[in-house]
Each structure stands twice: as structure tokens, then as C-alpha cells.
Amino acid sequence: VLGLVDGVQLCKFVFGLPGDQVRVDGMRFQLCPSDAATCTDIGRALEHSSKGQPLVSTKFSGPIPQGYVWLGATAKPSSFDSRYFGPVPVTAVHR
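None of the values given here were measured: they were computed from a predicted structure.

**Q** What is the right way to read the state of the cysteines from this model?
**A** Here, disulfide denotes a covalent bond that connects the sulfur atoms of two cysteines. For the structure on display, the rule yields one disulfide. Residue pairing for Cys32: its cysteine sulfur links by disulfide to Cys39, the two sulfurs lying 2.0 Å apart. Looking down the S-S bond of the Cys32 and Cys39 bridge, the torsion is 100 degrees, so its handedness is right-handed. Residue Cys39 is classed as partly exposed on the basis of its relative accessible area, which comes to 27%.

Laid out in C-alpha cells, this is it:
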């Protein structure tokens, strides 16, 4: 999936759909699908980039709103994804 965040094109997977719950415990994020009994760990937000620049994680927690999705990456735990910018409008995402 390709998405635009602040005009920057990203290639990510859709991890969460509208209605799924995002839980945050400190810097660790979990996704709780609306149709599942258990939550899945989707990674820890980093405090600094690989170049030492400070990173700010999203303050979003709760159900993903209608019309939005949660983006992530599986191969790179340090991926710049929804842990930093929150849910993304589905209109910004395409195959």
C-alpha cells in the first residue's frame, strides 16, 4: 500500500482498520482488531532517529475512526509509520 503523509509517499502495510483499537503503553503500541479477542504488539516507538534526531510518537489511542487506517511495516522495526503520525485517511492510500 502506498500512502501520502504530509505530501510524502510511503510504502507500508495496512495494520488496522476502522473500529480496531490502538493501545499505547509508554512507547509500546498494540493493535486490538474489533473482531478478535486478543491484541497484537505492533512495535515500540523510538525516541531518536538513526541520525540522533528526536522523534515524537503520536498521542493517538483508541478506536481507529471511520475513513482512516493504521499503517505499519513488518521488516523494519524502526519504520516511520502510524506510531509517529497516527491514523491515515483511507483516501490517501492506494495499491
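Now that the structure has been shown, we can carry on.
**Q** Looking at this structure, how should I read the packing of aromatic side chains?
**A** In this description, a pair of aromatic rings is defined by centroid distance and the angle of the planes. Counted by the stated rule, this structure contains four aromatic pairs. Seen from their ring centres, Phe60 and Trp70 are 5.9 Å apart, and the 35 degrees between their planes marks the pair as tilted. Of this pair, Phe60 sits in the loop between strand S6 (40–44) and strand S7 (62–63) while Trp70 is found in strand S8 (residues 68–72), placing the two residues 10 residues apart along the sequence. The class of Trp70 is buried, set by a relative accessible area of 1%. Ring plane angle 20 degrees and centroid distance 5.5 Å describe the contact between Phe80 and Tyr84, whose orientation is recorded as stacked. Cluster of aromatic residues (ring-pair linked, three or more members): Phe29, Phe60 and Trp70.

**Q** I would appreciate a short explanation of the environment of Ile64 in the present structure.
**A** In this structure, Ile64 sits in the loop between S7 and S8. On the accessibility criterion, Ile64 (2% relative accessible area) is buried. Sequence-wise, Ile64 and Pro87 are 23 residues apart; in three dimensions their C-alpha atoms are separated by 6.8 Å. If we ignore the near neighbours within four places in the chain, the residues touching Ile64 are Gly16, Leu17, Pro18, Gly19, Asp20, Val22, Leu31, Val69, Trp70 and Pro87.

**Q** Can you help me understand the sheet that holds strand S5 (residues 28–32) in this one?
**A** Hydrogen bonds along the backbone pair up the strands of a sheet, which may run parallel or antiparallel. Sheet architecture is open: four strands sit in the order S6-S5-S4-S7, paired in antiparallel fashion. For this open sheet the edge positions go to S6 and S7, each flanked by a neighbour on one side alone. Note: strand S4 (residues 21–25) against S7, two bridges, orientation antiparallel. Paired with Val22 across the two strands is Gly62, which belongs to S7.

Procedures and definitions
- Residues numbered from 1 in each chain as written.
- Predicted model: local features only at pLDDT ≥ 70, side-chain atom pairs only at ≥ 80, totals over all residues.
- Heavy atoms only, no water.
- Disulfide = S-S within 2.5 Å.
- Buried < 20%, exposed > 50% of the residue type's maximum accessible area, 1.4 Å probe, protein only.
- Phe/Tyr/Trp six-rings, centres within 6.5 Å; stacked < 30°, edge-to-face > 60°.
- Helix = DSSP H or I, 4+ residues; strand = E, 2+ residues; numbered from the N terminus.
- Contact = heavy atoms within 4.5 Å.
- Pairing = 2+ DSSP bridges.

Fair warning: the whole summary comes from geometry, so function is off the table for now.
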